[in-house]
Amino acid sequence: MAALALARSFRCGSTCLRRPLRREAAGSTRGLWGRGGPGARRGAGGSEVLRKSLQRGLALSTASFLAYEAHKLISGFAEVHASFKVEEVIEQADYLYGSGETEKLYQLLVQHKNSDDADLLWRLARASRDVAQLSTTSAEKKRKLTYESLEYAKKALEKNESNFAAHKWYGICLSDVGDFEGIKTKIGNAFIIKEHFKRAIELNPKDATTIHLIGIWCYSFAEMPWYQRKIAATLFATPPTSTFQEKLYGSEWQSSCQ
């Protein structure tokens, strides 16, 4: 019996061995993963992920490009609008100045005190000084406006050193500040004031106002009282001086007020 069973085992051995191998081979293509097997499924999934990734990348690149172009366009419009706005404010300011609307002019310009435009800033310095000079302005406000006017003129010079009006109004406002800080400061600032007036005329030789200011400067030191001259002598090795003849020929300041 044992021999018979062994014989049967040998007769079906090759067939029995092949059957599991066929099932294993079949399982390698179908099995748990279905057709194509796990490798094929992963390959197809990877292609789909790559395709979607490329689509997202393209969409993001397009969106970034459009956003960049929109930013450039908006920035360009903003620059043009800002330039147009400054010109508009200056036009309104000149109209109010010509009309004698001192307080309205100040209220218009003080809104733009943080501007980077030198022409707007020196106008604000002038307007601040004009309000300070009004008889209705309190002493405290006058002092505050006088110092503010100097700061606006200084800022105008920082923005554009070649602006003749900025030099002119810096000299005027610096002289006004001396009224609050005493005779020593006023005399000490005299040379600085004169240099800014000279620079203003160098930049615009036809500005009659600055030429007149040089004449006033010469006149002030030509009639300086003796005690002020003594103070000046202690402050400077060569104190600022002038003569009435220099005052009379103030328009020839280049050769006379040296």
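Residues numbered from 1 in each chain as written. Predicted model: local features only at pLDDT ≥ 70, side-chain atom pairs only at ≥ 80, totals over all residues. Heavy atoms only, no water.

### Describing the pattern of salt bridges
Then step 1. Scanning the model with the defined rule gives nine salt bridges in all.
Then step 2. In this structure, the salt-bridge partner of Arg199 is Glu161, at a minimum N-O distance of 3.2 Å. Here Glu161 lies in the loop between α6 (139-159) and α7 (164-181) and Arg199 lies in helix α9 (residues 190-203), a separation of 38 residues in the sequence.
Then step 3. According to the relative accessible area criterion, Glu161 is partly exposed, its value standing at 39%.
Then step 4. The shortest N-O distance in the salt bridge between Lys198 and Glu195 comes to 3.8 Å. Here the residue Lys198 and the residue Glu195 both occupy positions in helix α9, the gap between them amounting to three residues, near one helical turn.
Then step 5. Salt bridges sharing partners connect three or more residues here, namely Glu161, Arg199 and Glu202. (Salt bridge = Lys/Arg side-chain N within 4 Å of Asp/Glu carboxyl O. Helix = DSSP H or I, 4+ residues; strand = E, 2+ residues; numbered from the N terminus. Buried < 20%, exposed > 50% of the residue type's maximum accessible area, 1.4 Å probe, protein only.)

### Focus: α6
For the α-helix, the turn length of 3.6 residues means that residues three or four positions removed from each other point alike.
Then step 1. When the terminal C-alpha atoms of α6 are compared, their 31 Å separation across 21 residues agrees well with the 30 Å that a helix rising 1.5 Å per residue should span.
Then step 2. All of the buried residues along α6 are Leu145, Thr146, Glu148, Ser149, Leu150, Tyr152, Ala153, Lys155, Ala156 and Leu157.
Then step 3. Residues of α6 that are buried make contact with α4 (102-110), α5 (118-132), α7 and α9. (Expected span 1.5 Å × (residues − 1). Contact = heavy atoms within 4.5 Å.)

### Describing α5
Then step 1. Across its 15 residues, α5 extends 21 Å between first and last C-alpha, which sits within 8% of the 21 Å expected from 1.5 Å per residue.
Then step 2. A large share of α5 lies buried, amounting to 13 of its 15 residues.
Then step 3. For α5, the N-terminal cap is Asp117; the gap from its side-chain oxygen to the backbone nitrogen of Asp119 is 3.1 Å. (Polar contact = N/O pair within 3.5 Å; in protein donor to acceptor, adjacent residues only side chain to side chain.)

### Brief notes about the environment of Ala156
Then step 1. Summarising the element assignment, Ala156 is placed in helix α6.
Then step 2. The exposure class of Ala156 is buried, given its relative accessible area of 0%.
Then step 3. Taking C-alpha positions, Ala156 is 7.2 Å from Asp119, a pair spaced 37 residues apart along the chain.
Then step 4. Excluding residues within four positions of it along the chain, Ala156 makes contact with Ala118, Leu121, Trp122 and Ala166.

### Digging into the confidence of the model for the protein chain
Then step 1. Here the protein chain averages 73 in pLDDT, while 53% of its residues score no lower than 70.
Then step 2. The low-confidence segment residues 76-82, where pLDDT is below 50, has zero contacts with residues more than four positions distant or belonging to other chains. (pLDDT = per-residue confidence, 0-100.)

### Section: the nonpolar core
Then step 1. Core analysis: the largest hydrophobic core is formed by 40 residues, its most contacted members being Tyr106 and Leu109.
Then step 2. At nine residues, the largest contribution of residues to this core is made by α5.
Then step 3. What Tyr106 contacts, discounting residues up to four positions off in sequence, is Leu124, Ala127, Ser128, Val131, Leu145 and Glu148. (Core = buried A, V, L, I, M, F, W, Y, C linked by side-chain atoms within 4.5 Å.)

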